[in-house]
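Topology and contacts: notes
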Amino acid sequence: MFHRFTALSSPRRFYAIASAWLPWLSVLTALGFAVGLYWGLIVAPPDYQQGEAYRIIYVHVPSAWLSLMVYTVMAGAGLVALVWHVKLAEIAVYECAVLGAWFTALALGTGMLWGKPMWGTWWQWGDARMLSELILLFLYIGVLGLHNAFADSRKGARVAAVLALAGIVNIPIIHYSVEWWNTLHQGATVTRFDKPAAHSSMLWPLLFMGTMFILYFSTVLLARIRVRILEQEADRQWAEEVRRG
Amino acid sequence: MMGRAFAAVFRRELRLAWRRRGQLLQPLVFYALVMLLFPLGAGADLALLGQAAPSLLWVAALLAVLLAQGTLFSADLEEGGIELWVTSGVSLGWLALAKLIAHAMIVSLPLILVGPVLAGWLGLRGEALWVLAASMALGMPVLCWIGALGAALTLGLPRGGILLALIVLPLYIPVLMFGAGAVHAAVEGRPADGALLLLAGLLFLGVSLAPLATAAALRVSQE
């Protein structure tokens, strides 16, 4: 088992596996998005209060989920990079930061688009989740900036990994400190386990879209790591052979 | 061995700080200057100033702490001190703890003493001054330690200053919210002990985790 894991962490091996999987994953992601968007935007019933406008949750909520999940993945990769000096994990830290920052920006952007018709304002200072999402964006930008400041990208990745791990300790603290402000954001609709507030005809497409976002993230992460491997291993013979085709 | 190493690092920091005691005043002057800028910018509206004072006092103190971080490890790096730390065989986190506690005392104590004076200048009275001093005593060390982590992460970078602010300021937010929140509560006559207890919690979390994180960052910088 451990042997297989270490074999996978060899860049060359990972490149081959990623190349084999990527076409399938891409097709699956594209199909999944088509189904999920049709389900959410057309099949699911309109909300009795917000009408059709609520449908933005099928993009907004998965983006917000992913923005946090990607940070966790990034910190996990950072731990592996620091402890075992695995090259792939170092690359994953940076690529996760890029993708996570985009998911966070998407969650913020769609949230503002949703807030304008619903609350009558683009930005609501009293809303805890908007604020912690913005802070999360700054945390991502910090990781990216720190990584890019180092000429040696391997060292940059390990320094950024320390920051990512410090951030993961801080995220719950930031979240709760901001939460104890007055909030007008509607309460969480999915994580109330006793009785979900959203009807199942709206909830299922949402969970499906969430899964598709995870699939999308995995696909793009794999593709980005694959390119980065080729870049970093450019002087190796196998990379030369790949380039010649 | 560990106790002696701890004491040696701790005493060295304090002695260096004492020999450069003129520099200790600089953050205080900065703090006072920023607190002078706000009333001038706000047009001497006393009612507005009184309302905003808790936030202003805390934000300015936070910036003063931030400014004191940039060069925290740079002399150690140039003189090879960090290399010696790493190769000394004593736990790096333990040495970092000594440095961080000394650093927090050197930077925080003057600010904590001056904070209530500036608060009185801005028109805060009575209990709010005590709450401000208490919140700063609990919060400033945490700000110092987060800043020290940032200084260790940006160590050796030619233009680390703005980057340091960029990575450290988001992590400062909880301390600022609880600190300013406590003073706001005291000004409005509400109990402030909840926010103060949360600050105390952050203080304990900080003293347990910051040395480890700083040590990890220093080790990476020496690779």
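Throughout, residues of each chain are indexed from 1 in the direction in which the sequence is written. Chains and ligands are labelled by the order in which they are written, letters from A for the one and numbers from 1 for the other. With pLDDT at 70 or above as the cut-off, local features in this predicted model cover only qualifying residues; side-chain atom pairs require 80 or more to be listed or tallied, and sums for whole chains, interfaces and linings still use all residues.

**Regarding the overall build of chain A**
Secondary structure elements are taken from DSSP: a helix is a run of H or I of four residues or more, a strand is a run of E of two residues or more, and numbering for both begins at the N terminus. When its secondary structure is counted, chain A shows 8 helices and 0 strands. Going from the N terminus to the C terminus, chain A shows its helices and strands as α-α-α-α-α-α-α-α. Residue burial is a threshold on neighbouring C-beta atoms within 10 Å of the residue's own C-beta, all placed from the backbone, with 20 or more meaning buried, 12 or fewer meaning exposed, and counts in between meaning partly exposed. Classification of the 245 residues of chain A by burial places 35% in the buried group. The contact criterion used here is simple: two residues whose C-beta atoms, placed from the backbone, lie within 7 Å are in contact. Across chain A, contacts joining residues at least 24 apart in sequence account for 75% of those joining residues at least 6 apart.

**So, the overall build of chain B**
Helix and strand counts for chain B stand at 9 helices and 0 strands. For chain B, the α and β elements follow one another from N to C terminus as α-α-α-α-α-α-α-α-α. Relative to a compact globule of 223 residues, whose C-alpha radius of gyration would be 17 Å, chain B shows 18 Å and is just as compact. When its C-alpha atoms are laid out on the principal axes, chain B stretches across 55 × 35 × 30 Å. In chain B, buried positions account for 45% of the 223 residues. When contacts within chain B are restricted to residue pairs at least 6 apart in sequence, long-range pairs at least 24 apart make up 80% of them. Just to be clear, the radius of gyration here is over C-alpha atoms, and the globule rule we use is 2.2 Å times residues to the power 0.38.

**Observations regarding helix α3 (residues 46-67) of chain B**
Working definition for bend: take the seven residues up to and ending at a residue and the seven starting at it, fit an axis to each, and measure the angle between the axes. Maximal helix bending in α3(B) amounts to about 55°, located at B:Ala52; proline B:Pro54 follows within four positions. Along α3(B), the residues classified as buried are B:Ala53, B:Pro54, B:Leu56, B:Leu57, B:Trp58, B:Ala60, B:Ala61, B:Leu62, B:Ala64, B:Val65 and B:Leu66.

**Brief notes about the confidence of the model for chain A**
All names here are of chain A. Residues with a pLDDT of 70 or more make up 89% of chain A, whose mean pLDDT is 85. As a per-residue measure, pLDDT tells how confident the predictor is, with possible values from 0 to 100. Of all the helices and strands in chain A, helix α1 (residues 2-8) carries the lowest mean pLDDT, 59, while helix α3 (residues 57-84) carries the highest, 93. Taken as a whole, residues 191-196 scores under 50 in pLDDT and shows 4 contacts with residues more than four places along the chain or in a different chain.

**As for the nonpolar core**
In this structure, A:Val93, A:Val162 and B:Ala61 are the most contacted members of the largest nonpolar core, which totals 136 residues. Take this core: its biggest share by element is 17 residues, from helix α7 (residues 127-153) of chain B. Note on terminology: a nonpolar core is any set of buried Ala, Val, Leu, Ile, Met, Phe, Trp, Tyr and Cys residues joined through C-beta atoms within 7 Å.

**Details of the interface of chain B and chain A**
At the junction of the two partners, chain B supplies 18 residues and chain A supplies 20 residues. Those elements that provide at least two residues to the side of chain B that touches chain A are α7, α8 (160-187) and α9 (193-221) of chain B. Considering each element in turn, the side of chain B that touches chain A owes the most residues, 9 residues, to α8(B).

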